[in-house]
Amino acid sequence: MKAAANLSHLWPDLPYLDRFEAAAAAGFTGVEVLFPYDVPAKDTKRALLRGGLEMVLINAPPPNYTGGTRGFAAVAGDEARFAYDIRRALRYAEALRVPMLHVMSGKAEGAQARAVMIANLKVACAAARGVTLTIEPLCPEAQPGYFLNNYALAADIIAQVGAPNLKLQFDSFHAQMIHGDAVATYKTYHDIIAHVQLGDTPARGVPGNGDVDFAALFDTLRGHDYNGWISGEYTPGGATETTLGWMEML
């Protein structure tokens, strides 16, 4: 298992490009960024190279600068824009050599939203040569109205799309908030999980300061031979360097 830092959450006191150096100094070899699109890819690439870091994940579609939501894979009527923006995200991922792209569902509900998301993901998977797409359930407390709001729904959509490059993204914070037991949730869906993120409940805090049993979670990851990235995606609430004890548990 390899430790990664989510630079949209960690080192919030530093400018974006300085966070890469801080992550490398802390011992990380991988980083992820929610929406890096405001910064030219060449600048992010230089920061990665200086730190000897790999960008392991970014989100898609890119933000809609006309005022729309940042994710809309399940939103009816936006299919053409989704197809256009996913291609734009894939070009950015190619420039940064990002192996995984998290596709956000956006706010929607019902059978139509499910059908739209399945259709959009089929388009995205066909376009994503060499890139693994992920979908992640988000809890209502963090994202009210978000369509993809439980793991059973995510697993169903992955099965319906039927593409080898579509996987599940597991976040201990959201899993605990949605289902009440992050460890049991991982055990249920481990065979389709490609990426793991860490945060504690109830406020996406530092791992080990809330309700998630991280010792049991890491034992479960090892027991299921998980060998991917584990990314800290939480609110440090102080100096990030003082919150990295979870790295010693990997």
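Residues numbered from 1 in each chain as written. Predicted model: local features only at pLDDT ≥ 70, side-chain atom pairs only at ≥ 80, totals over all residues. Heavy atoms only, no water.

I'm lost on the overall build of the protein chain in this one. Help?
The helix and strand tally for the protein chain stands at 8 helices and 8 strands. Here the protein chain has a C-alpha radius of gyration of 17 Å; the compact-globule value for 250 residues is 18 Å, and the two agree. Projected onto its principal axes, the C-alpha coordinates of the protein chain cover approximately 45 × 40 × 30 Å. A separation threshold of at least 6 residues defines the contact pool for the protein chain, and within that pool the share at least 24 residues apart is 75%. Only carbon and sulfur atoms are counted for the fraction: they give 51% of the accessible area of the protein chain, which is about 10,500 Å². (Helix = DSSP H or I, 4+ residues; strand = E, 2+ residues; numbered from the N terminus. Rg over C-alpha atoms; globule rule 2.2 N^0.38 Å. Contact = heavy atoms within 4.5 Å. Areas by Shrake-Rupley, 256 points an atom, 1.4 Å probe, with all protein chains shown as cover.)

Before we go on, may I ask you to explain the nonpolar core in this structure?
In summary, soluble globular proteins display a tendency toward joint burial of nonpolar side chains. Residues Phe20, Met55, Leu101 and Ile157 are the most contacted members of the largest nonpolar core, which totals 83 residues. Of all hydrophobic cores here, the second largest spans 5 residues; its members include Ala4, Val56, Met100 and Trp229. (Core = buried A, V, L, I, M, F, W, Y, C linked by side-chain atoms within 4.5 Å. Buried < 20%, exposed > 50% of the residue type's maximum accessible area, 1.4 Å probe, protein only.)

What is the right way to look at the sheet that holds strand S2 (residues 30-33) in this model?
Hydrogen bonding along the main chain pairs the strands of a sheet, whether they run parallel or antiparallel. Strands sit in the order S1-S2-S3-S4-S5-S6-S7-S8 around a closed barrel of 8 strands; the barrel is parallel. Strand-to-strand twist of the sheet, defined as the mean angle between neighbouring strand axes without regard to direction, takes the value 30 degrees. Across 3 bridges, the pairing between strand S7 (residues 193-198) and strand S8 (residues 229-232) is parallel. Within the sheet, the bridge partner assigned to Gln197 lies in S8 and is Ser231. On top of the sheet, helix H4 (residues 110-127) reaches strand S4 (100-103), strand S5 (132-135) and strand S6 (166-171); it is set at about 160 degrees to S5, its chief contact. (Pairing = 2+ DSSP bridges. Axes fitted to C-alpha atoms, helices over the stretch in contact; angles between N-to-C directions.)

Please explain the packing of aromatic side chains as it appears in this structure.
Describing an aromatic ring pair means giving the distance of the ring centres and the angle of the ring planes. Tallied over the full model, the rule gives 9 aromatic pairs. Each member of the aromatic cluster is reached from another via a ring pair, and the members are Tyr151, Phe170, Tyr186 and Tyr189. Directly above the aromatic system of Phe72 lies the positively charged group of Arg81, at a separation of 3.8 Å from the ring centroid. (Phe/Tyr/Trp six-rings, centres within 6.5 Å; stacked < 30°, edge-to-face > 60°. Lys NZ or Arg CZ within 6 Å of the ring centre and 35° of its normal.)

For this particular structure, what's the right way to read the environment of Tyr151?
With respect to the secondary-structure elements, Tyr151 resides in helix H5 (residues 151-161). Take Tyr151: its relative accessible area is 0%, and that puts it in the buried class. The spatial distance from the C-alpha of Tyr151 to the C-alpha of Pro140 is 13 Å, given a sequence separation of 11 residues. Those residues in contact with Tyr151 that lie beyond four places of it in its chain are Pro137, Leu168, Gln169, Phe170, Asp171, Ala175, Ile178, His179, Thr185 and Tyr189.

Mind showing me how you'd approach the layout of surface pockets here?
Regions of empty space are outlined by a rolling probe, equal in size to a water molecule, passed over the atoms. Taken as a whole, the second largest pocket encloses approximately 190 Å³ of empty space. By residue class, the composition of the lining of the second largest pocket is 7 nonpolar, 1 polar and 3 charged. (1 Å grid on protein atoms, 1.4 Å probe; cavity = no way out; pocket = protein on both sides within 12 Å on 5 of 7 lines; lining within 4 Å. Points joined across faces, edges and corners; volume = space filled by probe spheres on them. Nonpolar A, V, L, I, M, F, W, Y, C, P; charged D, E, K, R; others polar.)

Even after reading the chapter, I still don't get the pairing of strand S3 (residues 54-60), so can you show me in this structure?
In regular strands, side chains alternate between the two faces of the sheet. Of all 7 residues that make up S3, 6 are buried, and the element is covered over most of its length. Sheet topology places S2 next to S3; 4 bridges connect them, and they run parallel. If you follow Val33 over to S3, its bridge partner there is Ile58. Of the crossover connections in this fold, the one passing from S2 over helix H2 (residues 41-51) to the parallel S3 is right-handed. Pairing of S3 with S4, which is carried by 4 bridges, proceeds in the parallel orientation. Residue pairing for S4: Leu57 is matched across the bridge by Met100. (Right-handed = clockwise from strand over helix to strand, strands pointing away.)

Explain helix H6 (residues 172-179) here, please?
Along an α-helix, residues three or four positions apart point the same way, because every turn accommodates 3.6 residues. Looking only at H6, the buried set comprises Ser172, Phe173, His174, Ala175 and Gln176. Along its buried surface, H6 packs onto H5, S6, helix H7 (182-189), S7 and helix H8 (214-223). Near the N-terminus of H6, the side chain that reaches the backbone nitrogen of Phe173, with its oxygen 2.8 Å away, is that of Asp171. In the segment just after H6, Gly180 is the residue with positive phi, at about 85 degrees. (Polar contact = N/O pair within 3.5 Å; in protein donor to acceptor, adjacent residues only side chain to side chain.)

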